[in-house]
Amino acid sequence: MRTINQTLENFTIQYPLERIAPLEKLLLVDIETTGFTAKSSSLYLIGAAYFYTGCWHIKQWFAEHYQDEKALLTDFFSFAADFTHLIHFNGNNFDLPYLLQKCEMHNLPYNFDKFEGIDIYKRISPYKFFLHTPNCKQRTLEELLCVEREDTYNGGELIGIYHDYVKNHDDKSCRFLLLHNSDDIRGMLQILPLLAFYDLFNGTVKAKKVQSNHFVDYHGHEKQELLMKLELPTPLPLTISNLSNSCYFSGEASEGILKVPVYEEEMKYFYSNYKDYYYLPEEDMALHKSVASFVDKAHRAQASAANCYTRKFSTYLPQWDIFMEPFFKRNYKSKELFFELTDEMKKDRKLFSRYAQYLLERMAKTY
């Protein structure tokens, strides 16, 4: 077994990892194997990144022989004992289960029970369409942030190279194997800023300024929108914009803009307990039977779910599901929901912050 150490000079990460844990307690992990199943393949390389004495370092445990697996595992877990948080890329599905299976095969007592885990892939993949990326493979995310790699191989191509190395111990093959893993580790560090998008949808945005804006649309119709200037929980590593359900978001660094259509029209509030109401056709509204029972029978009818409503002309904002009650609809079968924008609400900055967070979460889920 060989152990390789390198220091990443002048290397900084544009993401506040201190929110997760002290930097000295974070360990990034990536492994290289000759297959996907622990029982039928070999573990030949464990790579880790850690922060020490003001710098990021990479440490690699390399199996020069197939029989080095146990030594790799023992040395790695001994080293990892001083850390509390593991950061990995899709490690929940592969790296960690694979290592545990190898420990069981070698009768080693190690596990990850004491560690908190941060799976970069799991945190970012729900937002791949919001990021306008076809997938959330590590190399795809690296390309999104213009991360450059020296390594040109993929993991599958390196399997044969490792088998050849075990036979010939060729230094060139060893360099290819180590480089691929170190570039994966370095790439993980460099895509960490993308966690800002996880924070965007799961953290707290603040509405710094809220105003009404009038404009003329493409068809020459005058429209009204709510314009919110937002303070984002974590600076975004790239400029992003998205349109969903007529709501528009653009974000750059720590600031975001959210545009929401405002509807000034008559809408309907539907009563759920329609059996307790009469519908008045001439007034086109429903009244509770305690009041409507005094109306002539010729001018009233038992209300149904579709006509048990009251109408109100006001100013409304959209909602995907029930953010605010009472909720209004244009008609009974409509799936679009709205809530009334009252004068009192217009002064409530905390409400708009919550509404902005609500809209962003729904925009991400719409894709």
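Keep in mind it's a predicted model, so treat the numbers as computed, not measured.

Draft legend 1. Representation of the overall build of the chain within the structure. On a plain count of helices and strands, the chain comes out with 9 helices and 17 strands. Against the compact-globule benchmark of 21 Å for 367 residues, the chain has a radius of gyration of 29 Å, which places it well outside the compact range. Along the longest, intermediate and shortest principal axes, the C-alpha atoms of the chain span 100 × 40 × 35 Å. Put simply, the chain has 367 residues, and 48% of those count as buried.

Draft legend 2. Just helix 9 (residues 349-366), in detail. Taking 1.5 Å as the rise per residue, helix 9 with 18 residues should run 26 Å; its terminal C-alpha atoms sit 26 Å apart, in good agreement. Residues L351, F352, S353, Y355, A356, Q357, Y358, L359, L360, R362, M363 and A364 constitute the buried set of helix 9.

Draft legend 3. Up close: the packing of aromatic side chains. Within the structure shown, the criterion is met by 34 aromatic pairs. Between the aromatic rings of Y50 and F83, the centroid separation amounts to 6.3 Å while the plane-to-plane angle is 65°, which identifies the pairing as edge-to-face. Linking Y50 in strand 3 (residues 43-52) with F83 in the loop between helix 1 (69-80) and strand 5 (85-88), this pair joins segments that are 33 residues apart in sequence. Given the relative accessible area of 14%, Y50 is considered buried. Judged by centre distance (6.1 Å) and plane angle (80°), the rings of F62 and Y162 are edge-to-face. With F62 in strand 4 (residues 55-62) and Y162 in helix 5 (residues 155-168), this residue pair connects regions lying 100 residues apart in the sequence. Through pairs of rings, three or more aromatic residues link up here, namely Y50, W61, F76, F77, F79, F83, Y110, F112 and F115.

Draft legend 4. Layout of the nonpolar core. Core analysis: the biggest nonpolar cluster contains 63 residues, and W56 and M228 have the highest contact counts within it. For this core, the element with the most residues is helix 9, which contributes 9 residues. Aside from chain neighbours lying at most four places away, what touches W56 is T7, L8, F11, I13, L17, L23, L28, A49, Y50, F51 and L189. Grouped together as the second largest cluster of nonpolar side chains are 37 residues, A48, F112, Y162 and L177 included.

Procedures and definitions
- Residues numbered from 1 in each chain as written.
- Predicted model: local features only at pLDDT ≥ 70, side-chain atom pairs only at ≥ 80, totals over all residues.
- Heavy atoms only, no water.
- Helix = DSSP H or I, 4+ residues; strand = E, 2+ residues; numbered from the N terminus.
- Rg over C-alpha atoms; globule rule 2.2 N^0.38 Å.
- Buried < 20%, exposed > 50% of the residue type's maximum accessible area, 1.4 Å probe, protein only.
- Expected span 1.5 Å × (residues − 1).
- Phe/Tyr/Trp six-rings, centres within 6.5 Å; stacked < 30°, edge-to-face > 60°.
- Core = buried A, V, L, I, M, F, W, Y, C linked by side-chain atoms within 4.5 Å.
- Contact = heavy atoms within 4.5 Å.

Just geometry here; none of it tells us what the structure is for.
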